[in-house]
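Summary of structural features
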Amino acid sequence: MMELGLSVEMVASWMPGSRVEGTAVAIRDIASPDHLQPGDLCFIGDRKYVSEIAGNTGVCLVVGSDWEVPIASGNSLIRVADPMKAMIEVCLRVERMLWPMPDPGIHASTVIAAGAYVSPAATVGPFVVIEAGASIGDGVVLDAHAYVGAHVSIGKGTRVGPNAVLGAYTEIGKNCIIGPGVVIGTPGFGYRFDAATDSHVAIPQIGRVRVEDCVEMGANCAIDRARVGESLIGRGTKIDNLVHIGHNVKIGKACILCGQVGISGSVCLGDYVVMGGQVGVGDHIRVAPKSQIGGKTGVISNIDEEGGKYFGIPAMELNVALRVASLQKRLPELFKRVNQLEQEIRNKGQE
Amino acid sequence: MMELGLSVEMVASWMPGSRVEGTAVAIRDIASPDHLQPGDLCFIGDRKYVSEIAGNTGVCLVVGSDWEVPIASGNSLIRVADPMKAMIEVCLRVERMLWPMPDPGIHASTVIAAGAYVSPAATVGPFVVIEAGASIGDGVVLDAHAYVGAHVSIGKGTRVGPNAVLGAYTEIGKNCIIGPGVVIGTPGFGYRFDAATDSHVAIPQIGRVRVEDCVEMGANCAIDRARVGESLIGRGTKIDNLVHIGHNVKIGKACILCGQVGISGSVCLGDYVVMGGQVGVGDHIRVAPKSQIGGKTGVISNIDEEGGKYFGIPAMELNVALRVASLQKRLPELFKRVNQLEQEIRNKGQE
Amino acid sequence: MMELGLSVEMVASWMPGSRVEGTAVAIRDIASPDHLQPGDLCFIGDRKYVSEIAGNTGVCLVVGSDWEVPIASGNSLIRVADPMKAMIEVCLRVERMLWPMPDPGIHASTVIAAGAYVSPAATVGPFVVIEAGASIGDGVVLDAHAYVGAHVSIGKGTRVGPNAVLGAYTEIGKNCIIGPGVVIGTPGFGYRFDAATDSHVAIPQIGRVRVEDCVEMGANCAIDRARVGESLIGRGTKIDNLVHIGHNVKIGKACILCGQVGISGSVCLGDYVVMGGQVGVGDHIRVAPKSQIGGKTGVISNIDEEGGKYFGIPAMELNVALRVASLQKRLPELFKRVNQLEQEIRNKGQE
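Turning our attention to the relation of the copies chain A and chain B. Rotating chain A by 120° about the axis while translating it 0.0 Å along that axis superimposes it on chain B, leaving an RMSD of 0.1 Å. What the superposition gives is, in effect, a three-fold axis relating one chain to the other.

Below, the structure is given as structure tokens:
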């Protein structure tokens, strides 16, 4: 059980210009308004919610500077200009407190090949393996059981989660987060069928994966290396859990790919593309910058216009897709109406 | 190659009230009726299948007490009241025999931080890492390469598979099974776009994941920790392979989530919800208890009524969805009929 | 950064019958025609592309024997009969050079149970765990952190990637590639609901997984063991990343399963079946040999005819599915036309 162990004064000191009222409570946790328990700190985003939460006791509420708040005894009140802005600041401090960066140093159990460079300012956890020619920058954290292949380079300040696998020649930029169990740099999925031997023969995959700065990816993703050249994840792109990215894919800057998205080989996504969960993109497809693709959409032809919204299998413009989804439910009715029309026409013909 | 090495007598002794006939065979494996080989033990669920399998030799058949079974020489027959019930009992014993629980003890290679508690009745496999403040209960098994973060607690009798990752503060209940490669407790996928720096800024994720008792999950799942408070997997819920569960999700008791299901952030599933493979649920959606959602369905609006069945993208009531799926194939015909009607009306107008 | 460090002469010597022209350049990388930089080797598949790339400098171009190529000074030209065939041969050599097989030997950190057999001609990386009764053949490579359960057998020449997990009794054939993070042999997902205890009770899963020769699978796949008997992956089948395969599934020979495909329990795929990304197949479905199933398709009834093409949810014949997808976008128009027809009929009735 997590316990923050914070005082109201401490928390208030993190919110410039704040004012404390009421009884001091010991803060044990931060909670959303609908799950309040004694000891919780809660940020109220709008004065209209004040009445709903005023009945709690033993909680610390962060509210607007000038809101009328009927405070029950036994609660704390912290008044600030913008409670939501204050929340982000406080949560950031709490996150750093609860998930502190480990101290630099190399655990005795690691296996580091001769010819690998590890910065003295890096942290290397237990049972990490680093192959020859790899280069690990300042402030990098390699968590337990991470595997760093030959000639991999990892930029300053990047964190690689437990059990992640970086295949040979992968380049990771600065300040990235590679989640636990992520696999980068496996050979792309390319075969040609050989009739003589009645078998699929692997096409050599001699490229690499390059991940630019500030990219973050969740757990258990898989990113293949290119057939030739590179698979590229652009600067600042954020990738959720269990995402699959094929060989030779180019992903632009500041894209958002939600859980279980699948990107086939040689796809090219422009900058700022956003994809909901379980979207799939067929091979060699190009998606224009700022496109927004709804969850579960299947993109099987190029999207050329910037900033459009899409949904459906195959992808349609969002407003068309929603209209179709709604009309499709009325297909049974439509068939009946057409039957009826045919009947009437036939009757008229016999008059 | 697996070899059970069991005698007919041994197996019969596991089925109370059973009666043995025919020649004793050495039992090497258990098989289904359509794949029988000499040495196989086979449970026959219905007397109508007896004729199909009677031609085999060297097998041991479990049949009903009073069925007429023309037994060929060289086969064994075990008669019981309910062959299917007997099968479950026998298979349970065989499963425990073939996949025995390891003896308690801590492998010499493990790295356990000062301040972590590990019960002397727990089993900790090779290369496991346990961080400070973690608490490992009686009878817990941590398989090879498991990673247990700071302040994680794991209840009595839970098994954590090889290469699984439990992030800091995760709480796992009693008698759970966490599959190999599962990742729990990574930060939720939440960003706000900051125009000033032209980048996505991570929203702090300071909550945790709580998994109640008797939850089981398959391989390579990913479950994110909450933004505040907790992501919750309810008691007795069973989760298949490669399932993604976002931050702040609440999953009820005794739910069934099949392979590759994806649950977006802040979703709330009631108790006894069943989801087929590859179902996706959009963020903040609520699904009523006992809902049954067919494979590949996309749920993008709340399901309020208990016990309904749904299918399609977006989700429709199952009977509507099946009717629509069937009519949709007839769209080419429908367009033709409407063309025809228009033609006839036009002709009539000209008469 | 990867640097090949090859000379034009060396590369040309790998292409029988080749002829070198122009200035010798130091070859640093292999690139596709649209991303050429100085030092790149590039294979031109068709003479029509020659004009586009002729403007580059410091590159080495592989072209047809008799093509007219206006070669700029500072470039190398290698002439061969079939540039694309030459490319595969050269890339294969480069792949073996860049990703060399490790030398045989067992890393000192491994944990190998008494009673496991490891060929002296196998390679076992750091922190690998091999349980009792396992058998590791000649030329097998077990990469770092791989887990090999009890009684697993791995055939000659197979490679098991970092962090892969092979559960007890799994049989892997010869010359297979098991990707990083793959999990094979977890219990199948089978429960029966027990009203008395209000809970799902696991059905024992006492079978195994058998993978035939020359099977390859990508990263983070999950394959469950059978309830009884075996889950089977047929010879030469190739499986992409993040694929889920349930218990008792039989997959034929030389199938292709793209990224994130999900195969439910007891499915049977014939030989040479090809599935695009994110295809899902419902339980107990049979798919005929040589079927081709487009990405995102949901197969919920048997496919009996060999060699058909399918797409959609639920699966339809491809040509029907494409026609339906196109007409479905015109549903708003169709509803309008039927409204109009009804209006006209009504008007006529009143004439």
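Past the structure itself, the notes keep going.
As a further point, take the interface of chain B and chain C. In this complex, chain B contributes 58 residues to the contact, which on the side of chain C involves 68 residues. Note on chain B versus chain C: buried area summed over both sides is about 5,200 Å², and carbon and sulfur give 69% of it. When the buried area of chain B at its contact with chain C is split by residue, W99(B), F335(B) and I345(B) rank highest and sum to 13% of it. On the surface where chain B and chain C come into contact, there are three salt bridges.

With that settled, consider the sheet that holds strand β29 (residues 244–245) of chain C. Residues and elements named next belong to chain C. Ordered in space as β9-β12-β15-β18-β21-β26-β29-β32-β35-β38, the 10 strands form an open sheet in which the pairing is parallel. Across the chains shown, the open sheet's two edge strands, defined by having one partner strand only, are β9 (111–112) and β38 (298–299). Where strand β32 (residues 262–263) meets strand β35 (residues 280–281), two bridges bridge the pair, whose relative direction is parallel. In the sheet register, G262 faces β35, and the bridge partner there is G280.

Accessible area lost during the coming together of the parts is what is often quoted as the interface size. Listed by partner, the interface residues are 58 residues for chain A and 68 residues for chain B. Counting each side, the surface lost to burial between chain A and chain B is near 5,200 Å², with a carbon and sulfur contribution of 69%. Linking chain A to chain B there are three salt bridges. The tally of links between chain A and chain B comes to 23 residue pairs in polar contact (both at pLDDT 80 or more). Elements with a minimum of two residues in the side of chain A that touches chain B: β4 (29–30), α3 (83–98), β28 (238–239), β31 (256–257), α4 (318–328) and α5 (331–350) of chain A. Taken together, the residues of the side of chain A that touches chain B break down into 35 nonpolar, 14 polar and nine charged.

This paragraph deals with the domain arrangement of chain A. What the domain assignment reports for chain A is domain 1 (6–98) and domain 2 (105–323). For domain 1 of chain A and domain 2 of chain A, the distance between their C-alpha centres works out to 40 Å.

A few words now on helix α3 (residues 83–98) of chain B. Residue and element names in this part refer to chain B. Given a rise of 1.5 Å per residue, 16 residues ought to cover 22 Å, and the 22 Å separating the end C-alpha atoms of α3 matches this to within 8%. Buried within α3 are the following residues: P83, A86, M87, V90, C91, V94, E95 and L98. Seen end-on, α3 carries its buried residues on one side only, within an arc spanning 165°. Those residues of α3 that are exposed and angled more than 90 degrees off the buried face are K85 and R96. Taken together, the buried residues of α3 touch β1 (6–7), α1 (8–13), β4 (29–30), β5 (40–43), β6 (60–64) and β7 (76–80).

What follows deals with the nonpolar core. If you look at the biggest cluster of nonpolar residues, it comprises 50 residues, and the most contacted ones within it are L142(B), I154(B), I178(B), M217(B), I245(B) and M275(B). When neighbours within four sequence positions are excluded, I245(B) is seen to be in contact with A222(B), I223(B), D224(B), I233(B), I239(B), I251(B), L257(B) and I263(B).

All names here are of chain B. Residue P314 is bonded to the preceding I313 through a cis peptide linkage, with omega at -5°. Inspection of the secondary structure assignment puts P314 in the loop between β39 (309–311) and β40 (316–317). Backbone geometry places A254, a non-glycine residue, at a positive phi of 55°. For A254, the position within the fold is in the loop between β30 (250–251) and β31 (256–257). Overall, A254 belongs to the buried group, its relative accessible area being 5%.

Residues and elements named next belong to chain B. Burial of the side chains of strand β27 (residues 230–233) extends over both faces: E230 and L232 are buried on one face and S231 and I233 on the other. Of the pairings in the sheet, the one linking strand β24 (residues 208–211) to β27 comprises four bridges and is parallel in character. Residue R210 lies in a different strand from β27, and its bridge partner there is L232. In this structure, β27 lies alongside β30, joined through two bridges in parallel fashion. Paired with I233 across the bridge in β30 is I251.

Residue and element names in this part refer to chain B. Spatial ordering of the open sheet is given by β8-β11-β14-β17-β20-β25-β28-β31-β34-β37-β39-β40, a layout of 12 strands whose pairing is mixed. A single partner strand is all that each edge strand has here, and the edge strands are β8 (105–106) and β40. Strand direction decides the pairing type here: strand β17 (residues 159–160) and strand β20 (residues 177–178), joined by two bridges, are parallel. Pairing of V160 across the sheet is with I178, part of β20.

Scoring rules and cut-offs
- Residues numbered from 1 in each chain as written.
- Chains lettered and ligands numbered in written order.
- Predicted model: local features only at pLDDT ≥ 70, side-chain atom pairs only at ≥ 80, totals over all residues.
- Heavy atoms only, no water.
- Least-squares fit on C-alpha atoms with pLDDT ≥ 70 in both.
- Contact = heavy atoms within 4.5 Å.
- Buried area = accessible area lost by both parts, 1.4 Å probe.
- Salt bridge = Lys/Arg side-chain N within 4 Å of Asp/Glu carboxyl O.
- Pairing = 2+ DSSP bridges.
- Helix = DSSP H or I, 4+ residues; strand = E, 2+ residues; numbered from the N terminus.
- Polar contact = N/O pair within 3.5 Å; in protein donor to acceptor, adjacent residues only side chain to side chain.
- Nonpolar A, V, L, I, M, F, W, Y, C, P; charged D, E, K, R; others polar.
- Domains from an automatic or database assignment.
- Expected span 1.5 Å × (residues − 1).
- Buried < 20%, exposed > 50% of the residue type's maximum accessible area, 1.4 Å probe, protein only.
- Arc of directions from axis to C-beta.
- Core = buried A, V, L, I, M, F, W, Y, C linked by side-chain atoms within 4.5 Å.

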